[in-house]
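# Results of the structural survey
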Amino acid sequence: EAGVTQFPSHSVIEKGQTVTLRCDPISGHDNLYWYRRVMGKEIKFLLHFVKESKQDESGMPNNRFLAERTGGTYSTLKVQPAELEDSGVYFCASSRLRGTGELFFGEGSRLTVL
Amino acid sequence: AQSVAQPEDQVNVAEGNPLTVKCTYSVSGNPYLFWYVQYPNRGLQFLLKYITGDNLVKGSYGFEAEFNKSQTSFHLKKPSALVSDSALYFCAVRDINAGNMLTFGGGTRLMVKP
(Lines give C-alpha, C1' and ligand atoms only; values in the text may rest on other atoms or scores of the structure.)
Protein backbone atom coordinates (compact mmCIF):
# COMPACT_ATOMS: atom_id res chain seq x y z
CA GLU A 1 0.00 0.00 0.00
CA ALA A 2 1.44 3.37 -1.00
CA GLY A 3 1.82 5.92 1.76
CA VAL A 4 0.94 9.58 1.76
CA THR A 5 2.90 11.36 -0.93
CA GLN A 6 3.64 15.05 -1.13
CA PHE A 7 5.00 17.20 -3.91
CA PRO A 8 7.27 19.09 -4.16
CA SER A 9 9.64 17.98 -1.44
CA HIS A 10 11.25 21.41 -1.42
CA SER A 11 10.24 24.69 -2.98
CA VAL A 12 12.19 27.95 -2.94
CA ILE A 13 10.28 31.03 -4.04
CA GLU A 14 10.51 34.77 -3.64
CA LYS A 15 8.19 36.83 -1.53
CA GLY A 16 5.05 37.65 -3.45
CA GLN A 17 5.14 34.56 -5.62
CA THR A 18 2.66 31.71 -5.57
CA VAL A 19 3.28 28.12 -4.58
CA THR A 20 1.00 25.11 -4.77
CA LEU A 21 1.66 22.05 -2.67
CA ARG A 22 0.07 18.73 -3.47
CA CYS A 23 -0.85 15.79 -1.27
CA ASP A 24 -1.98 12.34 -2.32
CA PRO A 25 -3.44 10.50 0.67
CA ILE A 26 -3.49 6.77 1.22
CA SER A 27 -6.17 5.19 -0.96
CA GLY A 28 -9.44 4.84 0.93
CA HIS A 29 -8.60 7.46 3.54
CA ASP A 30 -11.42 9.97 3.65
CA ASN A 31 -9.77 12.17 6.27
CA LEU A 32 -7.05 14.46 4.98
CA TYR A 33 -5.19 16.99 7.10
CA TRP A 34 -2.70 19.74 6.50
CA TYR A 35 -0.23 20.72 9.21
CA ARG A 36 2.84 22.89 9.18
CA ARG A 37 5.95 23.35 11.26
CA VAL A 38 7.44 26.81 11.18
CA MET A 39 10.91 27.71 12.46
CA GLY A 40 11.31 24.47 14.39
CA LYS A 41 8.28 25.14 16.53
CA GLU A 42 5.18 23.06 17.17
CA ILE A 43 3.46 21.22 14.37
CA LYS A 44 0.35 23.30 13.90
CA PHE A 45 -2.95 22.16 12.47
CA LEU A 46 -4.14 23.99 9.38
CA LEU A 47 -7.25 22.22 8.18
CA HIS A 48 -9.13 18.97 7.85
CA PHE A 49 -11.05 17.55 4.90
CA VAL A 50 -13.56 14.75 5.06
CA LYS A 51 -13.71 13.58 1.49
CA GLU A 52 -14.10 16.80 -0.51
CA SER A 53 -15.60 18.87 2.30
CA LYS A 54 -13.71 21.15 4.65
CA GLN A 55 -14.52 19.86 8.12
CA ASP A 56 -12.36 22.28 10.05
CA GLU A 57 -10.24 25.11 8.69
CA SER A 58 -9.71 26.90 11.96
CA GLY A 59 -5.95 26.66 11.67
CA MET A 60 -5.59 28.43 8.34
CA PRO A 61 -3.53 31.53 9.14
CA ASN A 62 -5.10 33.97 6.67
CA ASN A 63 -6.77 34.27 3.30
CA ARG A 64 -3.49 33.89 1.44
CA PHE A 65 -3.87 30.17 2.01
CA LEU A 66 -6.33 28.16 -0.04
CA ALA A 67 -6.85 24.42 0.23
CA GLU A 68 -8.88 22.27 -2.09
CA ARG A 69 -9.73 18.62 -2.41
CA THR A 70 -11.80 18.30 -5.51
CA GLY A 71 -13.29 14.85 -5.92
CA GLY A 72 -12.20 13.83 -2.47
CA THR A 73 -8.88 12.37 -3.60
CA TYR A 74 -5.72 14.47 -3.68
CA SER A 75 -5.51 17.89 -2.10
CA THR A 76 -3.68 21.09 -2.94
CA LEU A 77 -2.60 23.91 -0.68
CA LYS A 78 -1.92 27.19 -2.43
CA VAL A 79 -0.12 30.12 -0.86
CA GLN A 80 -0.66 33.36 -2.74
CA PRO A 81 1.14 35.68 -2.35
CA ALA A 82 3.80 34.03 -0.23
CA GLU A 83 5.36 35.93 2.68
CA LEU A 84 8.62 35.30 4.53
CA GLU A 85 6.81 33.93 7.58
CA ASP A 86 5.23 31.19 5.47
CA SER A 87 8.55 29.37 5.32
CA GLY A 88 8.42 25.99 7.01
CA VAL A 89 7.55 22.39 6.43
CA TYR A 90 4.01 21.57 5.35
CA PHE A 91 2.84 18.11 6.27
CA CYS A 92 -0.12 16.26 4.88
CA ALA A 93 -1.70 13.36 6.73
CA SER A 94 -4.59 11.01 6.12
CA SER A 95 -6.66 8.51 8.06
CA ARG A 96 -9.72 6.34 7.72
CA LEU A 97 -13.06 7.87 8.55
CA ARG A 98 -13.67 5.59 11.50
CA GLY A 99 -10.24 4.75 12.79
CA THR A 100 -8.68 5.04 16.20
CA GLY A 101 -7.07 8.30 15.45
CA GLU A 102 -3.51 7.81 14.29
CA LEU A 103 -2.65 9.83 11.26
CA PHE A 104 -0.37 8.68 8.48
CA PHE A 105 1.95 11.46 7.41
CA GLY A 106 3.74 12.29 4.22
CA GLU A 107 7.37 13.36 4.20
CA GLY A 108 6.44 17.00 4.05
CA SER A 109 7.00 19.86 1.63
CA ARG A 110 9.65 22.30 2.73
CA LEU A 111 8.81 25.84 1.65
CA THR A 112 11.45 28.54 1.68
CA VAL A 113 10.32 32.09 0.93
CA LEU A 114 13.16 34.52 0.22
CA ALA B 1 -8.74 23.56 24.22
CA GLN B 2 -6.23 20.75 24.15
CA SER B 3 -2.48 21.18 24.54
CA VAL B 4 0.71 19.17 24.80
CA ALA B 5 3.96 20.05 26.51
CA GLN B 6 7.32 18.46 25.89
CA PRO B 7 9.51 20.17 28.47
CA GLU B 8 12.86 19.09 27.05
CA ASP B 9 14.12 20.41 23.73
CA GLN B 10 16.84 17.78 23.73
CA VAL B 11 17.59 14.57 25.57
CA ASN B 12 21.07 13.08 25.52
CA VAL B 13 21.67 9.47 26.45
CA ALA B 14 24.46 6.96 26.00
CA GLU B 15 23.87 3.92 23.86
CA GLY B 16 22.63 1.01 25.95
CA ASN B 17 21.19 3.22 28.66
CA PRO B 18 17.46 3.63 29.25
CA LEU B 19 15.81 6.70 27.79
CA THR B 20 12.76 8.76 28.71
CA VAL B 21 11.18 11.52 26.65
CA LYS B 22 8.63 13.45 28.64
CA CYS B 23 5.15 14.55 27.61
CA THR B 24 2.27 16.09 29.52
CA TYR B 25 -1.10 16.97 28.08
CA SER B 26 -4.28 18.88 28.76
CA VAL B 27 -7.69 17.99 27.39
CA SER B 28 -11.20 18.61 28.62
CA GLY B 29 -12.37 15.06 27.96
CA ASN B 30 -10.74 11.69 27.58
CA PRO B 31 -7.53 11.69 25.58
CA TYR B 32 -6.18 9.65 22.76
CA LEU B 33 -2.38 9.95 23.02
CA PHE B 34 0.25 9.36 20.38
CA TRP B 35 3.98 9.40 19.83
CA TYR B 36 5.50 10.08 16.44
CA VAL B 37 9.14 10.07 15.37
CA GLN B 38 10.79 12.08 12.62
CA TYR B 39 14.11 10.90 11.25
CA PRO B 40 16.23 13.39 9.26
CA ASN B 41 14.64 14.35 5.94
CA ARG B 42 11.72 12.04 6.55
CA GLY B 43 8.07 12.45 7.48
CA LEU B 44 6.45 11.69 10.80
CA GLN B 45 6.21 8.01 11.60
CA PHE B 46 3.67 6.64 14.04
CA LEU B 47 5.28 4.92 17.04
CA LEU B 48 2.48 4.08 19.43
CA LYS B 49 -0.83 5.18 20.85
CA TYR B 50 -2.95 5.01 23.97
CA ILE B 51 -6.68 4.76 23.45
CA THR B 52 -7.96 2.81 26.43
CA GLY B 53 -7.05 -0.20 28.56
CA ASP B 54 -3.60 -1.02 29.87
CA ASN B 55 -1.71 2.11 30.85
CA LEU B 56 1.54 0.73 29.44
CA VAL B 57 1.51 0.60 25.67
CA LYS B 58 4.17 -0.93 23.49
CA GLY B 59 5.05 0.32 20.05
CA SER B 60 7.54 0.10 17.24
CA TYR B 61 11.32 -0.27 17.61
CA GLY B 62 11.10 -1.36 21.26
CA PHE B 63 9.53 1.86 22.49
CA GLU B 64 6.82 1.99 25.11
CA ALA B 65 4.87 4.71 26.86
CA GLU B 66 2.98 4.90 30.10
CA PHE B 67 -0.30 6.74 30.42
CA ASN B 68 -0.67 8.38 33.82
CA LYS B 69 -4.06 9.99 34.20
CA SER B 70 -3.42 11.63 37.57
CA GLN B 71 -0.26 13.29 36.31
CA THR B 72 -1.66 13.84 32.79
CA SER B 73 1.52 12.41 31.38
CA PHE B 74 2.46 10.05 28.59
CA HIS B 75 6.22 9.64 28.75
CA LEU B 76 8.04 7.68 26.05
CA LYS B 77 10.55 5.10 27.22
CA LYS B 78 12.98 2.53 25.95
CA PRO B 79 15.03 0.20 28.16
CA SER B 80 18.18 0.32 26.02
CA ALA B 81 18.85 3.14 23.57
CA LEU B 82 20.42 2.68 20.16
CA VAL B 83 22.37 5.25 18.19
CA SER B 84 19.78 4.76 15.44
CA ASP B 85 17.08 6.03 17.81
CA SER B 86 18.50 9.53 17.42
CA ALA B 87 15.65 11.57 15.93
CA LEU B 88 12.97 14.12 16.70
CA TYR B 89 10.07 12.83 18.80
CA PHE B 90 6.62 14.39 18.95
CA CYS B 91 3.87 13.71 21.44
CA ALA B 92 0.30 14.38 20.32
CA VAL B 93 -3.15 14.34 21.87
CA ARG B 94 -6.65 14.11 20.51
CA ASP B 95 -9.68 14.93 22.60
CA ILE B 96 -12.16 12.26 21.58
CA ASN B 97 -15.00 14.72 22.17
CA ALA B 98 -13.47 17.45 20.05
CA GLY B 99 -13.13 16.05 16.57
CA ASN B 100 -10.27 14.40 14.79
CA MET B 101 -7.60 17.05 15.16
CA LEU B 102 -4.28 16.07 16.70
CA THR B 103 -2.46 18.66 18.78
CA PHE B 104 1.30 18.24 18.87
CA GLY B 105 3.97 19.17 21.34
CA GLY B 106 7.02 21.12 20.28
CA GLY B 107 9.16 18.04 19.80
CA THR B 108 12.17 16.64 21.64
CA ARG B 109 15.42 15.85 19.91
CA LEU B 110 16.90 12.60 21.16
CA MET B 111 20.65 12.20 20.78
CA VAL B 112 22.05 8.77 21.52
CA LYS B 113 25.82 8.70 21.68
CA PRO B 114 27.96 5.61 21.19
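Attention here is on the structure that accompanies the text.

## Things to note about the nonpolar core
- Core analysis: the biggest nonpolar cluster contains 28 residues, and W35, L47, L48, F74, L76 and Y89 of chain B have the highest contact counts within it.
- Elements with a minimum of two residues in this core: β2 (10–14), β3 (19–21), β5 (31–38), β6 (44–50), β8 (64–68), β9 (73–78), β10 (87–95) and β12 (108–113) of chain B.
- Counting residues per element, this core draws most heavily on β10 of chain B, at four residues.
- Dropping the residues within four chain positions of it, L76 of chain B is found in contact with L19, T20, V21, W35, L47, L48, F63, E64, A65 and Y89 of chain B.
- Membership of the second largest hydrophobic core comes to 21 residues, among which are L21, C23, F49 and C92 of chain A.

## Focus: the interface of chain A and chain B
- Each partner contributes residues to the interface: chain A has 18 residues there, and chain B has 20 residues.
- Buried area between chain A and chain B, summed over both chains or domains, comes out near 1,600 Å², and the portion from carbon and sulfur atoms is 58%.
- At the junction of chain A and chain B, the tally comes to two salt bridges.
- Linking K49 of chain B and E102 of chain A is a salt bridge whose minimum nitrogen-to-oxygen distance equals 2.8 Å.

## With respect to the environment of P8 of chain A
Residues and elements named next belong to chain A.
- Inspection of the secondary structure assignment puts P8 in the loop between β1 (5–7) and β2 (10–13).
- Note on P8: relative accessible area 14%, which makes it buried.
- Here the alpha-carbon distance between P8 and R110, two residues 102 residues apart in the chain, equals 8.0 Å.
- In this view, P8 contacts T20, L21, G108 and S109; residues no more than four positions away in its chain are not counted.

## Considering the sheet that holds strand β8 (residues 75–79) of chain A
Residues and elements named next belong to chain A.
- Overall, antiparallel pairing links the four strands, which are arranged β1-β3-β8-β7 in an open sheet. Edge positions in the sheet fall to β1 and β7 (65–68), since each has one partner strand and no second. Averaged over neighbouring strand pairs, the angle between their axes works out to 15 degrees when direction is ignored.
- Two elements, β7 and β8, share four bridges in a ladder whose sense is antiparallel. Looking at β8, one finds that F65 is bridged to V79.

Conventions we followed
Residues numbered from 1 in each chain as written. Chains lettered and ligands numbered in written order. Predicted model: local features only at pLDDT ≥ 70, side-chain atom pairs only at ≥ 80, totals over all residues. Heavy atoms only, no water. Core = buried A, V, L, I, M, F, W, Y, C linked by side-chain atoms within 4.5 Å. Buried < 20%, exposed > 50% of the residue type's maximum accessible area, 1.4 Å probe, protein only. Helix = DSSP H or I, 4+ residues; strand = E, 2+ residues; numbered from the N terminus. Contact = heavy atoms within 4.5 Å. Buried area = accessible area lost by both parts, 1.4 Å probe. Salt bridge = Lys/Arg side-chain N within 4 Å of Asp/Glu carboxyl O. Pairing = 2+ DSSP bridges. Axes fitted to C-alpha atoms, helices over the stretch in contact; angles between N-to-C directions.

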